[in-house]
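Close look at the chain arrangement
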Amino acid sequence: MAAPGGQGGAGQSRAAACTSLDRSTRASFLGSGQRTGRPRAGAAWGSRAAGSSGCCSCLQQPAPGSSSSCTSRRRSGPRGPGPGPVLLWGGLLTPELWDSLSRHKGPYSWQGLSHQDIVSTLRLLNSSESARLFAAPRKSPPTCIRCAVVGNGGILNGSRQGQKIDTHDYVFRLNGAVIKGFEQDVGTKTSFYGFTVNTMKNSLISYQHLGFTSVPQGQDLRYIFIPSSIREYLMLRSAILGVPVPKGPDKGDRPDTYFGPEASASKFKLLHPDFIGYLTERFLKSKLINTNFGNVYMPSTGALMLLTALHTCDQVSAYGFITSNYRKYSDHYFEREMKPLIFYVNHDLRLEAALWRKLHKAGILWLYQR
């Protein structure tokens, strides 16, 4: 059975409370000090200048049966710990940022990348929409933003969580997000699709026979690029300009075959490399970093999407993420035969699983379990 409580729990209404964590609890999980490594660059996580929703996130889920109203925690200034913005856009491009990111090796850094490729891409992300994760509301903003992040774990097969997922204000999906045929389990709503070019293309190849024949598309859907290499910048630039990718491993690819014909810059979001570095350092600093596999280690796409939601939404529900009884389920919910979860050396899924359990227990997110 799914754990009670949270917006994903049984019987939880859409109007359930959005309650605040006290400052000491929030600091315990989000950290209050400067992150070591790359220097500070830009506004604080979650501030309006940072391009998020402008709200305070990582807020405690309402207690089961709570009926108090959802309290707004938006403010115009920097919020909480964490050095820098969630999204990268043209307004943040400075010589100092280039110097900072070009000193570090990838992934998520600019060492060895073409200055012209980076600059020409970021100059296309030149409006306030590129600085925001959520679109500016036409009417009064919601007092509580509730988000569901849907992973692809086998625990969702037969879960019948689709309707609950779709009741959230925003739904994040990632990689091989198969929907057709699994609507009752995973829902149909998609607000954001997160990926690296590598994970997107590998998913289209590996899971085509299982129903993943195209990435989600829609007029109101936004794509979140995770900049693990130059491929994301080249694909993003070509998508906005409506031209084939000019060079690199994806040379000749037409982005409209992935994202549809709409090519405005507002369709695309780019995670800030420093934000990803902060998430890795603060939450997912794996022991793998100090091994021979340190150069290939990176948080999983699902982890980055879930932590992004935790830094921008008021309430977060996590579906299809690794749980303590993962051996009972297939690797992915859309597989027709049972396939065990494989632990590859480029991710630390055990570390991620421990983090989700910890945050669920603390009431900072709600983790679907059964």
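In this text, all values refer to a predicted model and were calculated from it rather than measured experimentally.

Any two side chains of opposite charge can pair, given that their charged atoms come close. Per the counting criterion, the structure on display carries five salt bridges. Between Lys201 and Asp253 there is a salt bridge, and its shortest N-O distance comes to 2.7 Å. You can see Lys201 sitting in helix α6 (residues 197–206) and its partner Asp253 sitting in the loop between α7 (230–241) and α8 (256–259), a full 52 residues away along the chain. Of the charged contacts, one joins Arg231 and Asp250 as a salt bridge, the two residues approaching to 2.7 Å between their closest N and O atoms. Remark: Asp250 occurs in the loop between α7 and α8 and Arg231 occurs in helix α7; sequence separation between them is 19 residues. Of the two residues, Arg231 and Asp250, neither departs from the other in class, the shared state being buried.

A word on the packing of helix α3 (residues 115–122) against α7. Between α3 and α7, the shortest axis-to-axis distance is 9 Å and the interhelical angle comes to 45 degrees. One way to sum up the angle between α3 and α7 is to call them oblique. Relative to α7, α3 is oriented so that their crossing is left-handed. When α3 is examined against α7, the residues Asp117, Ile118, Ser120 and Thr121 are found in contact with a partner set consisting of Ile230, Tyr233, Leu234, Leu236 and Arg237.

On to the nonpolar core. Ranked by internal contacts, the top residues of the largest apolar core, which has 52 residues, are Trp110, Tyr193, Val215, Phe225 and Phe259. The element best represented in this core is α7, accounting for seven residues. Residues Leu133, Phe172, Ile226 and Phe275 belong to the second largest nonpolar core, which totals 41 residues.

Across all of its chains, the model carries one disulfide by this definition. In this model Cys147 forms its disulfide with Cys313; the gap between the sulfur atoms is 2.0 Å. Where Cys147 bonds to Cys313 through sulfur, the torsion about that S-S bond is close to -85 degrees, and the disulfide is left-handed. Placement of the pair is Cys147 in strand β1 (residues 146–150) and Cys313 in the loop between α10 (301–310) and β6 (315–319), with a sequence separation of 166 residues. For the pair Cys147 and Cys313, one class covers both residues: buried.

Time to look at unusual backbone geometry. At Tyr108, a position not held by glycine, the phi torsion is positive, near 75 degrees. Relative to the helices and strands, Tyr108 is located in the loop between α2 (95–102) and α3. Even without glycine at this site, Asn175 takes up a positive phi of about 50 degrees. Its place among the elements puts Asn175 in the loop between β2 (170–174) and α5 (183–186).

In this section: the packing of aromatic side chains. All chains considered together, the criterion is met by 25 aromatic pairs. When the ring of Trp98 is compared with that of Trp110, the centres are 5.5 Å apart and the planes differ by 35 degrees; the resulting orientation is tilted. Here Trp98, found in helix α2, pairs with Trp110, found in the loop between α2 and α3; they are 12 residues apart in sequence, far enough to count as distant. Just as Trp98 is buried, Trp110 falls in that class too. The structure contains a cluster of three or more aromatic residues connected by ring pairs, namely Tyr193, Phe195, Tyr223, Phe225, Tyr258, Phe259 and Phe268. Positioned above the aromatic ring of Phe283 is the side chain of Arg282, whose terminal nitrogen or guanidinium carbon lies 5.2 Å from the ring centre.

With that out of the way, let us pick up the confidence of the model for the protein. Overall, the predicted model of the protein reaches an average pLDDT of 79, with 73% of residues at or above 70. Taken element by element, the protein is modelled with least confidence in helix α1 (residues 23–30), mean pLDDT 48, and with most confidence in strand β5 (residues 268–270), mean pLDDT 98. Low pLDDT, under 50, characterises residues 32–81; the predicted model gives this stretch 168 contacts beyond four residues in sequence or across chains.

Packing of α6 against α7 brings their axes to within 8 Å, and their N-to-C directions diverge by 80 degrees. Relative to α7, α6 is oriented roughly perpendicular. Seen from α6, the contacting residues are Val197, Asn198 and Lys201; seen from α7, they are Arg231, Glu232 and Met235. Across the contact of α6 with α7, the residue classes break down as two nonpolar, one polar and three charged.

We now examine α7. Taking 1.5 Å of rise per residue, the 12 residues of α7 would be expected to cover 16 Å, and the 17 Å separating its terminal C-alpha atoms lies within 8% of that figure. In terms of burial, α7 is largely enclosed, as 10 of its 12 residues are buried. Of all the residues in α7, the buried ones are Ile230, Arg231, Glu232, Tyr233, Leu234, Met235, Leu236, Ser238, Ala239 and Ile240. Those residues of α7 hidden inside the fold are in contact with α3, α6, β4 (222–225), α8, β5 and α9 (273–283). Positive phi appears at Gly242, one or two residues downstream of α7, with a value of about 70 degrees.

Cut-offs and rules
- Residues numbered from 1 in each chain as written.
- Predicted model: local features only at pLDDT ≥ 70, side-chain atom pairs only at ≥ 80, totals over all residues.
- Heavy atoms only, no water.
- Salt bridge = Lys/Arg side-chain N within 4 Å of Asp/Glu carboxyl O.
- Helix = DSSP H or I, 4+ residues; strand = E, 2+ residues; numbered from the N terminus.
- Buried < 20%, exposed > 50% of the residue type's maximum accessible area, 1.4 Å probe, protein only.
- Axes fitted to C-alpha atoms, helices over the stretch in contact; angles between N-to-C directions.
- Parallel < 35°, antiparallel > 145°, perpendicular 65-115°, else oblique.
- Left-handed = near helix turned anticlockwise from the far one by under 90°.
- Contact = heavy atoms within 4.5 Å.
- Core = buried A, V, L, I, M, F, W, Y, C linked by side-chain atoms within 4.5 Å.
- Disulfide = S-S within 2.5 Å.
- Phe/Tyr/Trp six-rings, centres within 6.5 Å; stacked < 30°, edge-to-face > 60°.
- Lys NZ or Arg CZ within 6 Å of the ring centre and 35° of its normal.
- pLDDT = per-residue confidence, 0-100.
- Nonpolar A, V, L, I, M, F, W, Y, C, P; charged D, E, K, R; others polar.
- Expected span 1.5 Å × (residues − 1).

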